[in-house]
Structure formats: structure tokens, C-alpha cells
Amino acid sequence: MPSIDLTGKVAVVTGSGRGLGLAYAHALAAVGACVVVNDVDEAVAGQAVKSITEAGGKAVAEVVAVGTSEAAERLVARAVEEFGRLDILVTNAGILRDKVLWKMTDDDFDAVITTHLKGTFTCARAAAVRMREQGEGGSLILVGSPAGQRGNFGQTNYSAAKAGIAAMARTWSMELGRAGITVNAIVPVAATAMTETIPAFAPYVQAMKRGEPLPDFLRKGEGFGTPEDCAALVPFLASDAARGITGQAIGIGGDKVALWSHPQEIRAAYADGGWTPDTLADAWATSVGAEPQTVGIPAPKLPEA
């Protein structure tokens, strides 16, 4: 297989001032792509650009909060003005406003949906318009989450947004296929400020910060590692080696990479003339409902003390 080379390609990575987004930006720059770094904090964005350029890459910053069409247009315009084109979009920007349903406010819900879901939509739309005008294809890499695949307690807004992002990836892969634009969702799992709040992971994240390696039961069993462990998937999906991959949800973390299934019917039953509430009640437990699906992100399987 040829080595991954994105020389001459231009990428926008939203929310790339720190954490996973910064790891994605570094990974793209390391294989030759020019990168537009995005963050809401000018100092953070500037430091991210500095870290990329000091490593030999090319990057500029665009400080704006994603969500609006205006922000999306600014990001695409910055890529074109600075580097002449746009080939890759990574929609990583996100925030959290975690609360259980009965305590979640409209503002909590709207803020997360605006940044994650609408931000992905507006940025992808602006990028798709530019890529179609160029006529040379491109890559949209949408950042999902296990919460969007499985649901997660206290994350109505976040889970809904991430589930929507996976659905948009499937839809856009069909709509943009003829233009040679691939669209995939990635589902990263990494030690970040978000996962550090999970009690089971917290001591291992703290140990990692002290320079201690994560144990194999996390890196392999849970697919849990550093942001840098997740980053390789982004330049791969943006490369010619992945031209045939589109409409997929791909998980990565630690030493693990995995393909997520799409929602599909798993069991069916039939009744001549249709169903009534009574016949459904009689048949459910022994037919369609014999093996109900689980919900939520499985708890980590930690070794016994």
C-alpha cells in the first residue's frame, strides 16, 4: 500500500484548538495537508497553529463559534483565501450541557444542538458547495460519539445530536456520491476533559497525565486511549486509500478500530389481517420482543482489585 500523502490538500477542522480536534489537525498536517484551525478562543487557536507550524506543518486560525451559516462560510472562505481550495472537512466542534430530562432547559438543549448538529450541517453544506464547484471530490468526516449510537444517561441533547450526525453521514454519502465526495462518521473514544469526569476512567486518565501508560484492558478491551490514538483515522479517510469508503460509522480508540452497524430490523412477526393491541400483547414476548435491545454505553470492564 502506498503511504498516505495529502500534500496539496486543504482541510478545515472545527473545534481544533485542543483535545481530539487538535490531534486531528496535527495528523492531517503531518501528512502534508494545509489546515484551518478553528476555536472560539483566539489564544487557544493561535497556540494550536503554532504547535502545527513548529512541527513543520502549514496552518492558520479562524476564530468563530460554529453553528450559523455565517460561521461556516467564514471557515470555507478562509481555507480558499489562504490555501486556494478545500478538500477535507472535519466537524469536531462541540460543547456539553448535561442534565437529566426533567432538569434540562431549552437553552441547554438548544446550545448543544446548535453547536453539534446545526454546526455540522452548516459547515458540511458550505464545504459541499465548494467541493462540488471544484469538481475534484473531497471528504466530509463527521465526528459522532458512542452516546449517539447507544444513548447515554444525562445526555438527551448530546446523544440526539450525535445520532443525527450519523444519520446525516448516511444521507449525504448518497447525495454527494456522484460528486466524488465521501462522507463518514467517526466514533472516537479517548481520554479527554469529557471522559475524565467518568469515575471509572478518572484514575487512569490521571495516571496517563503523569506519564504512565494506559493498561491493555483499557487500550484493547475498552478501545480507550489518547486523542492521538484516534487521529490516524482522519487522514486515512481523507486519502485516496479510502475513496471507496462512504456512509460508514467507524469507531476508534486505544488499540481498537471498529465498524458500527447501521440500525436495521433484527426480528419480525406477522399476523394475517394485521395486528391488534391484544394480539401484540400475546405475541410480543415470544416473537419480536424475545430479545430486547440494550441501551446506554456499557460500563467499563475493570479488573478486580
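Located above this text is the structure these notes cover.
Anyway, here's the lowdown on the structure attached to this text. In this text the structure is predicted, and so the values were computed from the model without any measurement.

Definitions and limits used
Every chain is numbered independently, its residues counted from 1 as its sequence is written. Since the coordinates come from a predicted model, pLDDT governs what is reported: local features require at least 70, and pairs of side-chain atoms require 80 or more to be given and counted, while whole-chain, interface and lining totals use all residues. As a convention, hydrogens and water are excluded, and side-chain values are obtained from all of the structure's heavy atoms. What counts as a helix is a DSSP run of H or I of at least four residues, what counts as a strand is a run of E of at least two, and both are numbered from the N terminus. What the globule rule says is 2.2 Å times the number of residues to the power 0.38, and the radius of gyration is computed from C-alpha atoms. Throughout, exposure labels follow a simple rule: accessible area from a 1.4 Å probe, protein chains only, divided by the maximum for the residue type, with under 20% read as buried, over 50% as exposed, and the rest as partly exposed. Any pair of residues with heavy atoms lying within 4.5 Å of one another is described as a contacting pair. Per-residue and other accessible areas follow the Shrake-Rupley method at a 1.4 Å probe size, with only the shown protein chains counted as cover for residues. Just so you know, the count uses Lys and Arg for positive and Asp and Glu for negative, and it drops His and the chain ends. Note that the charge is assigned to NZ on lysines, CZ on arginines, CG on aspartates and CD on glutamates. One requirement defines pairing of two strands: DSSP has to find at least two bridges between them. Axis definition: a line fitted to C-alpha atoms, limited for helices to the stretch in contact. Angles are taken between N-to-C directions and run from 0 to 180 degrees. Any angle that falls under 35 degrees is termed roughly parallel, while one over 145 is termed roughly antiparallel, one within 65 to 115 roughly perpendicular, and all others oblique. We call a crossing left-handed when the near helix sits turned anticlockwise from the far one by less than a right angle, and right-handed when that turn is clockwise. A side-chain nitrogen of Lys or Arg and a carboxyl oxygen of Asp or Glu constitute a salt bridge if their distance falls within 4 Å. Basically, the charged four are Asp, Glu, Lys and Arg, the nonpolar ten are Ala, Val, Leu, Ile, Met, Phe, Trp, Tyr, Cys and Pro, and anything else, Gly included, counts as polar. In protein, a polar contact means a hydrogen-donor-capable atom and an acceptor-capable atom, both N or O and within 3.5 Å, with residues adjacent in sequence counting only if both atoms are side-chain atoms; elsewhere, any N or O pair within 3.5 Å suffices.

### A few points about the overall build of the chain
Phase 1 of the analysis: Within the chain one finds eleven helices and eight strands.
Phase 2 of the analysis: Taking 2.2 N^0.38 as the reference for a compact globule, 305 residues should give roughly 19 Å; the C-alpha atoms of the chain span a radius of gyration of 21 Å, in line with that estimate.
Phase 3 of the analysis: Dimensions of the chain along its principal axes, counting C-alpha atoms only, are 65 × 50 × 45 Å.
Phase 4 of the analysis: A burial count over the chain gives 45% of its 305 residues as buried.
Phase 5 of the analysis: Long-range pairs, those at least 24 residues apart, make up 68% of the contacts in the chain with a sequence separation of at least 6.
Phase 6 of the analysis: Accessible surface for the chain amounts to roughly 15,700 Å². Of this, 55% is attributable to carbon and sulfur atoms.
Phase 7 of the analysis: Each charge class in the chain was averaged separately, 26 positive and 33 negative side chains, and the resulting centres sit 3 Å apart.

### A word on the pairing of strand β8 (residues 256–259)
Phase 1 of the analysis: Sheet topology note: the strand β7 (residues 249–253)/β8 ladder contains four bridges and is antiparallel. For isoleucine 252, the partnering residue across the bridge sits in β8 and is valine 257.
Phase 2 of the analysis: The antiparallel hairpin formed by β7 and β8 contains two residues in its connecting segment, where glycine 254 sits at a positive phi of about 55 degrees.

### Thoughts on the packing of helix α4 (residues 106–134) against helix α6 (residues 156–175)
Packed helices, taken two at a time, are described by the angle their axes make and the gap between the axes.
Phase 1 of the analysis: The N-to-C vectors of α4 and α6 enclose an angle of 15 degrees; their axes lie 8 Å apart at closest approach. Relative to α6, the element α4 is oriented roughly parallel. For the pair α4 and α6, the crossing hand works out as right-handed. For the pair formed by α4 and α6, the contact residues are Asp108, Phe109, Val112, Ile113, His116, Leu117, Thr120, Phe121 and Ala124 on the first element and Thr156, Asn157, Tyr158, Ala161, Lys162, Gly164, Ile165, Met168 and Trp172 on the second.

### Thoughts on the pattern of salt bridges
Phase 1 of the analysis: Within this structure, the stated rule accounts for twelve salt bridges.
Phase 2 of the analysis: Glutamate 62 is the partner of arginine 74 in a salt bridge, and the nearest nitrogen-oxygen pair spans 2.9 Å. Placement of arginine 74 in helix α3 (residues 69–83) and of glutamate 62 in strand β3 (residues 58–63) is noted, with a sequence separation of twelve residues between them.
Phase 3 of the analysis: The partly exposed category is assigned to arginine 74, whose relative accessible area is 40%.
Phase 4 of the analysis: Of the charged contacts, one joins glutamate 212 and arginine 210 as a salt bridge, the two residues approaching to 3.3 Å between their closest N and O atoms.
Phase 5 of the analysis: Residue classification places glutamate 212 among the partly exposed positions, given a relative accessible area of 38%.
Phase 6 of the analysis: Connected via shared salt-bridge partners are Asp216, Arg219, Lys220, Asp229 and Asp255.

### Some thoughts on the packing of helix α1 (residues 19–30) against helix α2 (residues 42–54)
Phase 1 of the analysis: In the contact formed by α1 and α2, the axes pass within 10 Å of each other and the chain directions differ by 30 degrees. In terms of axis orientation, α1 runs roughly parallel to α2. Crossing handedness for the pair α1 and α2: right-handed. Here Leu22, Ala25, His26 and Ala29 of α1 lie close against α2, whose contacting residues are Ala48, Ser51 and Ile52.
Phase 2 of the analysis: By residue class, the composition of the contact of α1 with α2 is five nonpolar, two polar and no charged.

### What about the side chain of serine 139?
Phase 1 of the analysis: The residue serine 139 is located in strand β5 (residues 138–143) in this model.
Phase 2 of the analysis: Its relative accessible area of 1% is what places serine 139 among the buried residues.
Phase 3 of the analysis: Here the side chain of serine 139 touches arginine 243 through a polar contact of 2.7 Å, side chain to side chain.
Phase 4 of the analysis: Excluding residues that lie within four positions of it along the chain, serine 139 makes contacts with Asp87, Ile88, Leu89, Met131, Ile181, Thr182, Leu237, Ala238 and Arg243.

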